Protein chains: 2
Amino acid sequence: MEPTNGKEACQAKLRASRDALEVIQGKWRIPIIVSLTYGNKRFGEIKKDIDDISPKMLSQELKELEMNKLISRTLYDSMPVTVEYALTPLGKSLNNLLQELLEWGIHFRSEMTGKEKKIAEVVVQH
Amino acid sequence: MEPTNGKEACQAKLRASRDALEVIQGKWRIPIIVSLTYGNKRFGEIKKDIDDISPKMLSQELKELEMNKLISRTLYDSMPVTVEYALTPLGKSLNNLLQELLEWGIHFRSEMTGKEKKIAEVVVQH
DNA sequence: GTAACTAGTTTCCACTGGGTAACTAGTTAC
DNA sequence: GTAACTAGTTACCCAGTGGAAACTAGTTAC
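Keep in mind that what you see is a predicted model, and the values were worked out from it rather than measured.

Each helix and strand counted, chain A has 6 helices and 4 strands in total. In sequence order, chain A lays out its α and β elements as α-α-β-α-α-β-β-α-α-β. The buried share of chain A, reckoned over its 126 residues, is 44%. Look at the contacts in chain A between residues 6 or more apart in sequence, and 43% of them connect residues 24 or more apart. Accessible surface for chain A amounts to roughly 6900 Å². Of this, 54% is attributable to carbon and sulfur atoms.

Quick look at the structure:
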């Protein structure tokens with residue numbers, strides 16, 4: 001990634017990143033999508049995968065993801081009513097992004113373990 | 001990405017994604033990093049790139065990013081004091097992730113433009 | 001003196017992301 | 001009847017995110 005002089009290129013990238021972030025941001029959306037990466041799931045199953053999410057937040061974030069067409073919701077009126085959530089093609093198109101995110105998460109953790117997280121010394125140059 | 005049966009694999013990915021999110025999350029951090037992708041910059045220059053960020057938030061998020069070793073801060077006591085921010089190797093290691101994020105942002109926008117964002121009809125199956 | 005440049009800090013306030021807990025509602029099993 | 005399963009909803013509360021505006025502080029130029 002060259003430090004190109006293109007001011008417009010930088011602005012374009014800033015716009016694209018903010019477009020993406022608007023949809024993906026928050027504590028729970030990515031984890032929910034990761035969970036659905038392992039097959040279609042019902043409300044309670046996602047809740048079990050991400051055990052510290054509250055039903056309120058899960059419900060709320062599933063609605064948001066559905067509105068943005070990243071997941072689909074299918075209601076089965078079986079014996080006890082069940083609902084199945086699944087990734088749409090658009091949701092599945094997050095595959096590469098998720099892969100990079102996961103790899104970086106692992107990389108970051110390995111870089112950090114054992115290292116103190118203090119502010120680096122300020123370097124004064126004359 | 002196969003819907004493998006591995007419950008442990010899913011849990012491992014959930015952990016990795018949440019590790020990464022903890023560092024990257026928020027409205028401003030990714031945009032700041034994108035800006036620094038285009039070369040080392042001073043406070044005022046980043047502010048100019050991301051013109052709707054307040055100095056308070058920029059200062060606060062730069063500190064967080066520095067604490068997590070994603071960026072470095074160098075003070076030059078030149079005529080007017082200047083401060084230069086730069087990506088560390090760890091910050092630069094976000095390259096692939098950023099690339100995927102940007103591409104997905106563009107993809108998402110093109111998928112969405114012209115399409116109404118309403119909740120899909122509920123499909124009832126017997 | 002005043003203005004302008006640098007890089008922030010401080011205060012005050014609003015919104016909302018998110019947590020907890022209790023509650024709804026329909027069906028099956030006992 | 002009660003309990004248990006499904007999938008949520010609702011009400012209340014708090015801490016943190018983020019915005020606006022004013023202010024600090026050191027130096028240079030006029």
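A separate point is the relation of the copies chain B and chain A. Mapping chain B onto chain A leaves a residual RMSD of 0.1 Å; the transformation is a rotation of 180 degrees accompanied by 0.0 Å of translation along its axis. Taken together, the rotation angle and the small translation identify this as a two-fold axis. For chain B, the smallest separation between a C-alpha atom and the rotation axis is recorded for Leu97 of chain B, amounting to 3.1 Å. Taken together, the interface assignments show that 100% of the residues at the interface of chain B recur at the interface of chain A, consistent with an identical surface on both copies.

What follows covers the pairing of strand 3 (residues 82-87) of chain B. Residue and element names in this part refer to chain B. In terms of burial, strand 3 is largely enclosed, as 5 of its 6 residues are buried. Where strand 1 (residues 41-42) meets strand 3, 2 bridges bridge the pair, whose relative direction is antiparallel. Opposite Lys41, over in strand 3, you have Tyr85 as the bridge partner. Looking at chain direction, strand 2 (residues 71-76) and strand 3 are connected through 6 bridges and run antiparallel. Residue pairing across strands places Leu75 opposite Val83, the latter belonging to strand 3. Turn length for the strand 2-strand 3 hairpin, with the two strands adjacent in sequence and antiparallel, is 5 residues.

The next subject is the interface of chain B and chain A. Opposite the 72 residues of chain B that make contact, chain A presents 72 residues. For the pairing of chain B and chain A, the buried interface totals around 6600 Å² over both sides, and the portion due to carbon and sulfur atoms is 63%. Counting every contact that joins chain B to chain A gives 6 salt bridges. Here Lys7 of chain A and Asp49 of chain B are joined by a salt bridge, their closest N and O atoms 2.6 Å apart. In this structure, the connection of chain B to chain A is made through 12 residue pairs in polar contact (both at pLDDT 80 or more). Mapped by element, the contributors of at least two residues to the side of chain B that touches chain A are helix 1 (7-24), helix 2 (29-37), helix 4 (55-67), strand 2, helix 6 (95-112) and strand 4 (123-125) of chain B. If one sorts the elements of the side of chain B that touches chain A by residue count, helix 6 of chain B sits on top with 15 residues. When its residues are assigned to classes, the side of chain B that touches chain A shows 34 nonpolar, 19 polar and 19 charged.

On to the nonpolar core. Counting residues in each nonpolar core, the largest one holds 64 residues, and the members touching the most others are Ile32, Leu70 and Trp104 of chain A together with Ile32, Leu70 and Trp104 of chain B. If near-sequence neighbours (up to four positions away) are discounted, Ile32 of chain B is found in contact with Ile50, Ile53, Leu58, Glu61, Leu62 and Leu65 of chain B.

Near DNA strand D you find 18 residues, and of these Ser59, Arg73 and Tyr85 of chain A together with Lys27 and Lys56 of chain B are the closest. One nitrogen or oxygen atom from the side chain of Ser59 of chain A is found 2.4 Å from a phosphate oxygen belonging to DNA strand D. Side-chain polar atom of Lys27 of chain B to a phosphate oxygen of DNA strand D: 3.2 Å apart, as the coordinates give it. The element contributing the most residues to the surface near DNA strand D is helix 4 (residues 55-67) of chain A, with 4 residues.

About the cut-offs
- Along each chain, numbering runs from 1 in the same order as the chain's sequence is written.
- Going through the entries in the order they are written, you letter the chains from A and number the ligands from 1.
- In keeping with the predicted nature of the model, local features appear solely for residues at pLDDT of at least 70, side-chain atom pairs appear and are counted solely at 80 or more, and the whole-chain, interface and lining totals rest on all residues.
- Side-chain figures throughout are based on the complete set of non-hydrogen atoms in the structure, without hydrogens or water.
- A run of H or I in DSSP counts as a helix once it spans at least four residues, and a run of E counts as a strand once it spans at least two, with each numbered from the N terminus.
- In this scheme, a residue with accessible area under 20% of its type's maximum is buried, one over 50% is exposed, and one in between is partly exposed, where area comes from a 1.4 Å probe on protein chains only.
- Note on contacts: a residue pair is in contact if any heavy atoms of the two residues lie within 4.5 Å.
- The method behind every accessible area is Shrake-Rupley, applied with a 1.4 Å probe, and residues are considered shielded solely by the protein chains displayed.
- Residues reaching a pLDDT of at least 70 in both copies supply the C-alpha atoms on which the copies are superposed by least squares.
- Two strands form a pair only when DSSP identifies at least two bridges running between them.
- Joining two parts hides part of their accessible area as seen by a 1.4 Å probe, and the buried area is that hidden amount summed over both.
- Salt bridge criterion: a side-chain nitrogen from Lys or Arg within 4 Å of a carboxyl oxygen from Asp or Glu.
- In protein, a polar contact means a hydrogen-donor-capable atom and an acceptor-capable atom, both N or O and within 3.5 Å, with residues adjacent in sequence counting only if both atoms are side-chain atoms; elsewhere, any N or O pair within 3.5 Å suffices.
- Following the grouping adopted for this structure description, the nonpolar residues are Ala, Val, Leu, Ile, Met, Phe, Trp, Tyr, Cys and Pro, the charged ones are Asp, Glu, Lys and Arg, and the polar ones are all others, Gly among them.
- Throughout, nonpolar core names a set of buried Ala, Val, Leu, Ile, Met, Phe, Trp, Tyr and Cys residues whose side chains join them through atoms within 4.5 Å.
- We call a residue near a molecule or strand when any one of its heavy atoms sits within 4 Å of it.

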